[in-house]
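Each chain, letter by letter, is given below.
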Amino acid sequence: MRTLVLIVCSFLLFGCSEEGFLTSGRLAENIAPDASLQYSGNFVPTAGISVAGAAQIYFSEGSYKVQLTGFSISNGPDLKVYLSKSDVPNNFVNLGNLSSQTVYEIPNSVAVADYGYVLIHCQQYNHLFAVAALTQN
C-alpha cells in the first residue's frame, strides 16, 4: 500500500500538467508573404489542460509549414508538435519540440493531405495536451 501511495504522489509531482523545461526545436523560417493557407484548425484541450489558438498549414516555394497562431498552453515537460493522421498520437510525424517558435517545417516526404490533425503531446509521459482538427481552406 505504501508503494502505491508513493507512485501516485510521484505521478502528481512529476506529471505533464506540472511546469517543466521545454527544449528548443528546429527553427523554421517565417511564413512567406505569398504563402497560401491550405489547412487550419483550432486547438481543443484534453482534460485538465488549458489551451488557446490555432494551427495553420501554409504552402510556399514547394514546401509546407505549420504555424501556431494566438497559441498558449499549460506548461509541461517534453512537449512536441505532431502532424497526425488521427486525433491520438499513434500515426504521426514529429515536427519538433514545442518552444517559443511558432513555425514548424513539414518534411517534403510527408503527404500533408493524409494528415488531418496537429497535436501537442507530452512524449515523456505519453500525455496528449491538445488537438487541432484540420480543415482544408
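See the structure shown above.
Here the structure is a predicted model, which is why all the values come from computation and not from measurement.

## A short note on the side chain of His121
Moving on, step 1. For His121, the location among the structural elements is in strand E7 (residues 117-122).
Moving on, step 2. Only 3.0 Å separates the side chain of His121 from the side chain of Asn126, close enough to count as a polar contact.
Moving on, step 3. Apart from the residues within four sequence positions on either side, His121 is in contact with Asp78, Leu79, Lys80, Tyr82, Pro89, Asn126, His127, Leu128 and Phe129.

## Things to note about the packing of aromatic side chains
Moving on, step 1. Applying the stated rule across the entire model yields three aromatic pairs.
Moving on, step 2. Ring geometry for Tyr82 versus Phe92: centroids 3.9 Å apart, planes at 10°, classification stacked. Here Phe92 lies in strand E5 (residues 92-97) and Tyr82 lies in strand E4 (residues 79-84), a separation of ten residues in the sequence.
Moving on, step 3. Using a relative accessible area of 1% as the deciding quantity, one classes Tyr82 as buried.
Moving on, step 4. Since its relative accessible area comes to 33%, Phe92 is described here as partly exposed.

## What about the pattern of salt bridges?
Pairing of side chains with opposite charge becomes possible as their charged atoms draw close.
Moving on, step 1. Considering all chains together, one arrives at one salt bridge under this definition.
Moving on, step 2. For Lys80, the salt bridge goes to Asp78, with nearest N and O atoms at 3.2 Å.
Moving on, step 3. Relative accessible area serves as the criterion here: at 9%, Lys80 is assigned to the buried category.

Reading the values: rules and limits
Residues numbered from 1 in each chain as written. Predicted model: local features only at pLDDT ≥ 70, side-chain atom pairs only at ≥ 80, totals over all residues. Heavy atoms only, no water. Helix = DSSP H or I, 4+ residues; strand = E, 2+ residues; numbered from the N terminus. Polar contact = N/O pair within 3.5 Å; in protein donor to acceptor, adjacent residues only side chain to side chain. Contact = heavy atoms within 4.5 Å. Phe/Tyr/Trp six-rings, centres within 6.5 Å; stacked < 30°, edge-to-face > 60°. Buried < 20%, exposed > 50% of the residue type's maximum accessible area, 1.4 Å probe, protein only. Salt bridge = Lys/Arg side-chain N within 4 Å of Asp/Glu carboxyl O.

Just geometry here; none of it tells us what the structure is for.
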